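# Summary of the model geometry
Listed below, chain by chain, are the residues.
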Amino acid sequence: MVQVEASLSGSVGQEVPIPKNATAETEPKKIKQPDMDEEYAAAEKLNKELVNTEFAPITEPSHRRVSKNTAGGMLFQFEDEPSYYYVVTTYISYLVLIIIGHVRDFFGKRFHKDDYKYLKDSDGYAPLYNHFDNFYVRRLKFRINDCFSRPTMGVPGRMIKLMNRYSTDHNTTFKLTGDTSMTLNVSSYNYLGFAQSHGPCAEAVEKAIRKHGLSTCSASTTCGNYGIHLEVEDLAAKFVGKPASLIFSQGFGTNSTVFSALMGPGSLIISDELNHSSIRFGSRQSGANIRVFKHNNMVDLERVLREVISQGQPRTHRPYTKILVVIEGLYSMEGNFADLPRIMELKKRYKFYLFIDEAHSIGAIGPHGGGICDYFGIPTTDVDILMGTFTKSFGAAGGYVASSVEIVNKLRVTNPGYVYAESMSPAVLAQIKSSFLEIMDHSPSSIGLERIERLAFNSRYIRLGLKRLGFVIYGNDDSPVVPLLLYNPGKINAFSHEMLKRGVSIVVVGYPACPLLTSRVRFCFSAAHNKADLDYILRACDEIGEKLQLKLSSGAAGEDVGKTNVDKIKKKQGWYSPPRWSIEEVISHGVEDTLKQ
């Protein structure tokens, strides 16, 4: 039986219906023998269309750019701010929602007591859920709950298939409709587009499954350490420029367990205030003292360093046994980079150890995809410990820690995430190994190099376009994570729904994942997108921005991604006319201006 799939190359957000007789089975004697050449040609056409939904072909060879710092050994990042009108109205919106929520609770507890049973003592048992903690979820999040955790199917590539659903109980539960929608995907961390069901990575995974199976069924310290584990560890160490590395089966688990093996009572961890929750969790597990400095604020970091070095430990004032500063290369919610050049200056002066979480930056930035050190041209030998994940740029799962041989050997026997957890699946390792080999091929015809440069172009192009349209955009110009600020809580679900109507899957973010005031859309762009995809998103954002009044940019960041106004901004010479380009002007000038920067 030949099973025919629907064509996936139609317009974004729409599906071509499958013919009724596409999968119908008939008796063998009634089947007319098809022409094998025609059948092969049809299968090849469908296969090509499927591949294009996972990774778009590049429309012009010039749509590539080298990802590197152009500010001459310094970091330039500027965050625009809206007028106080939008700040005040956002707070008022939350106040109205809270008041309405309390009014509903007041009457609900009296007329619908069964709905509040789980928040009260029952038969001598205290409630597991605190009433105050539950208020935000119950009265605010459920209002926009249909924007989160949408079920998907297929490969999270250029496009992604959503399983449509509906709710009959105010977003408390959902039911599937049975049909799907094909949408343009700007919500996944598939930065280099290696999450594919076709191509060299997929073929390597298939071979690994046939050879090794799906699971090691054991920890690395017993019989779960295959040869391919050692190969990936060697590749990871070589790629980031470290003597050795250690791989883990989960990215979150890497940070959650590594600090307890490195730090302890009497030592100090100094952490950026916007570090990932896995870093916070792992730091608390270590038993070390913890201090926090303002996000990417090197003046505040130096203040903390001077204080802890001069004052020592609380109560005893003894010197700390060691100090570890923990930062991220690319902050996934802000889209900005760590000020690594300035941090390295402080490191040389104050002699602390440096730990960089490169979960989002490894593979995604730098001329060769080497992460934040590659981007700034700083040798990785100057950084003590590099951590990263394989979930994003490599299209796989798991994490790694790269450092000196001595530290890696210590982690092999003291890190509970390595000693006790099941080792990484051979299939996942095959995906990682294949991705590494593509990225590390620096020849002119390298597929990996092309993807790195396509991602750099896409990041710059979309940021330039959105800023010129008048949106407030956070982050670094070369970051593939592009936060678009919404502010008002009512616009969170409105923006999500409007984009979905236009066939675009996005991620919207609100409190507590980000500060209360700065609700946002977090676009994650990929090398799998081409200029046509980016232009479609720009047009959609332009329409929705006008409808929801989201074009709030003051112009201080500059309509050319901040490069023209950088000197004037430093001298504090005032504000500038807000950029409000038309969508046609943005698209017609976008490529040329992106390549010039």
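Residues numbered from 1 in each chain as written. Predicted model: local features only at pLDDT ≥ 70, side-chain atom pairs only at ≥ 80, totals over all residues. Heavy atoms only, no water.

## Let's talk about the overall build of the protein
Counting secondary structure elements, the protein contains 18 helices and 14 strands. Every one of the 597 residues in the protein was classed for burial, and the buried ones make up 52%. When contacts within the protein are restricted to residue pairs at least 6 apart in sequence, those whose partners lie at least 24 apart make up 71%. Split by element, the accessible area of the protein, about 28400 Å² in all, is 55% carbon and sulfur. (Helix = DSSP H or I, 4+ residues; strand = E, 2+ residues; numbered from the N terminus. Buried < 20%, exposed > 50% of the residue type's maximum accessible area, 1.4 Å probe, protein only. Contact = heavy atoms within 4.5 Å. Areas by Shrake-Rupley, 256 points an atom, 1.4 Å probe, with all protein chains shown as cover.)

## Concerning the pairing of strand β5 (residues 268-272)
Taking burial as the measure, the 5 residues of β5 include 5 buried ones, the bulk of the element. With burial as the criterion, each face of β5 is covered, one bearing Leu268, Ile270 and Asp272 and the other bearing Ile269 and Ser271. Strand direction decides the pairing type here: β5 and strand β7 (residues 323-328), joined by 4 bridges, are parallel. Note on β7: the bridge partner recorded for Leu268 is Ile323. Across 5 bridges, the pairing between β5 and strand β6 (residues 289-293) is parallel. Within β6, the residue paired with Leu268 across the bridge is Asn289. One crossover worth recording links β5 to the parallel β6 by way of helix α7 (residues 277-286), and it is right-handed. (Pairing = 2+ DSSP bridges. Right-handed = clockwise from strand over helix to strand, strands pointing away.)

## Topic: a nonpolar patch on the surface
Side chains of Leu95, Ile99, Val103, Phe106, Phe107 and Phe111 sit close together on the surface and give an oily, nonpolar patch of about 630 Å² of accessible area. The topology assignment puts Val103 in helix α2 (residues 84-111). (Patch = residues over 30% accessible without salt bridge, like charges linked within 9 Å, V, L, I, M, F, W, Y side chains within 5 Å. Salt bridge = Lys/Arg side-chain N within 4 Å of Asp/Glu carboxyl O.)

## Let's talk about the state of the cysteines
Per the counting criterion, the structure on display carries 0 disulfides. Among the cysteines around Cys223, which has no disulfide bond, Cys217 carries the closest sulfur, lying 8.6 Å off. The exposed category is assigned to Cys223, whose relative accessible area is 55%. (Disulfide = S-S within 2.5 Å.)

## A closer look at helix α5 (residues 227-240)
Taking 1.5 Å of rise per residue, the 14 residues of α5 would be expected to cover 20 Å, and the 21 Å separating its terminal C-alpha atoms lies within 8% of that figure. What α5 keeps buried is the set Ile228, His229, Val232, Glu233, Leu235, Ala236, Ala237, Phe239 and Val240. Where α5 is buried, its residues meet β4 (244-248), β9 (385-389), β10 (399-403), α11 (405-414), α12 (416-419) and α13 (426-439). At the C-terminal side of α5, Gly241 shows a positive phi close to 80°. (Expected span 1.5 Å × (residues − 1).)

## Examining the packing of helix α6 (residues 251-262) against α7
α7 packs onto α6 with a crossing angle of 25° between their chain directions and a minimal axis gap of 7 Å. Classified by the interaxial angle, the pair formed by α6 and α7 is roughly parallel. Remark: the crossing between α6 and α7 carries right-handed chirality. Residue-level contacts link Phe252, Asn255, Ser256, Phe259 and Ser260 of α6 to Ser277, Ser278, Ile279, Phe281, Gly282, Ser283, Gln285 and Ser286 of α7. Taken together, the residues of the contact of α6 with α7 sort by class into 4 nonpolar, 9 polar and no charged. (Axes fitted to C-alpha atoms, helices over the stretch in contact; angles between N-to-C directions. Parallel < 35°, antiparallel > 145°, perpendicular 65-115°, else oblique. Left-handed = near helix turned anticlockwise from the far one by under 90°. Nonpolar A, V, L, I, M, F, W, Y, C, P; charged D, E, K, R; others polar.)

## What to know about unusual backbone geometry
Note the cis peptide between Tyr511 and Pro512, where omega equals 10°. One non-glycine residue, Ser149, lies in positive phi territory at about 55°. Since its relative accessible area comes to 69%, Ser149 is described here as exposed. The backbone of Gln549 sits at a positive phi, close to 55°, despite the residue not being glycine. Owing to a relative accessible area of 53%, Gln549 belongs among the exposed residues under this scheme.

## Some points on the pattern of salt bridges
Here the structure, examined in full by the defined rule, presents 29 salt bridges. Between Asp535 and Lys531 there is a salt bridge, with its nearest N and O atoms 2.6 Å apart. Highlighted residues: Asp535 and Lys531, both in helix α16 (residues 531-548), separated by 4 residues, approximately one helical turn. The buried category is assigned to Asp535, whose relative accessible area is 11%. Note that Asp542 and Lys551 form a salt bridge whose closest N and O atoms lie 2.4 Å from each other. Note on Asp542: relative accessible area 14%, which makes it buried.

## As for the packing of aromatic side chains
Tallied over the entire structure, the rule returns 17 aromatic pairs. Measuring from ring centre to ring centre gives 6.3 Å for Tyr189 and Tyr191, while their planes differ by 50°; the resulting arrangement is tilted. Its relative accessible area of 26% is what places Tyr189 among the partly exposed residues. Assessed through its relative accessible area of 0%, Tyr191 is described here as buried. Their ring planes at 80° and their centres at 6.0 Å tell us that Phe390 and Phe436 sit as a pair that is edge-to-face. Linking Phe390 in the loop between β9 and β10 with Phe436 in helix α13, this pair joins segments that are 46 residues apart in sequence. Judged by its relative accessible area of 0%, Phe390 is buried. Its relative accessible area of 1% is what places Phe436 among the buried residues. Taken together, the ring pairs in this structure connect Phe239, Phe390, Phe394, Tyr400 and Phe436 into an aromatic cluster. (Phe/Tyr/Trp six-rings, centres within 6.5 Å; stacked < 30°, edge-to-face > 60°.)

## Some thoughts on the sheet that holds β7
Taking strand neighbours across the sheet as the criterion, the 7 strands line up as β4-β10-β9-β8-β7-β5-β6 in an open arrangement whose pairing is mixed. Only two strands of the sheet have a single neighbouring strand rather than two, namely β4 and β6. Going across the sheet, the axis of each strand differs from the next one's by a mean of 20°, ignoring polarity. Against the sheet, helix α9 (residues 340-350) contacts β7 and β8 (353-357), and its axis sits at roughly 160° relative to β8. Contacting β4, β9 and β10, α11 crosses the sheet at an angle of about 30° to β4.

## Concerning the UniProt feature "transmembrane region" (unreviewed entry) in the protein
Following the UniProt record, one finds the feature "transmembrane region" (unreviewed entry) at residues 84-103. The annotated region residues 84-103 carries 100% helix and 0% strand content, and the separation between its end C-alpha atoms amounts to 29 Å. (UniProt positions renumbered as here; feature names shortened; annotations may be inferred.)

## Some thoughts on the nonpolar core
The biggest cluster of nonpolar side chains holds 67 residues, and the ones touching the most others in it are Ile270, Ile327, Leu340, Leu354 and Phe390. In this structure, Leu184, Ile462, Phe495 and Cys541 belong to the second largest nonpolar core, which totals 38 residues. (Core = buried A, V, L, I, M, F, W, Y, C linked by side-chain atoms within 4.5 Å.)

## Describing helix α3 (residues 131-139)
A turn of α-helix holds 3.6 residues, and therefore any two residues three or four places apart point the same way. For α3, the set of buried residues is Asn134, Phe135, Arg138 and Arg139. Viewed along the axis of α3, the buried residues span an arc of 125°, placing them on a single side of the element. Contacts from the buried residues of α3 go to α2. (Arc of directions from axis to C-beta.)

## Considering the confidence of the model for the protein
Taken residue by residue, the protein gives an average pLDDT of 87. The fraction at 70 or more is 88%. Per-residue pLDDT stays below 50 along residues 1-34; that stretch engages in 36 contacts with residues further than four places along the chain or on separate chains. (pLDDT = per-residue confidence, 0-100.)

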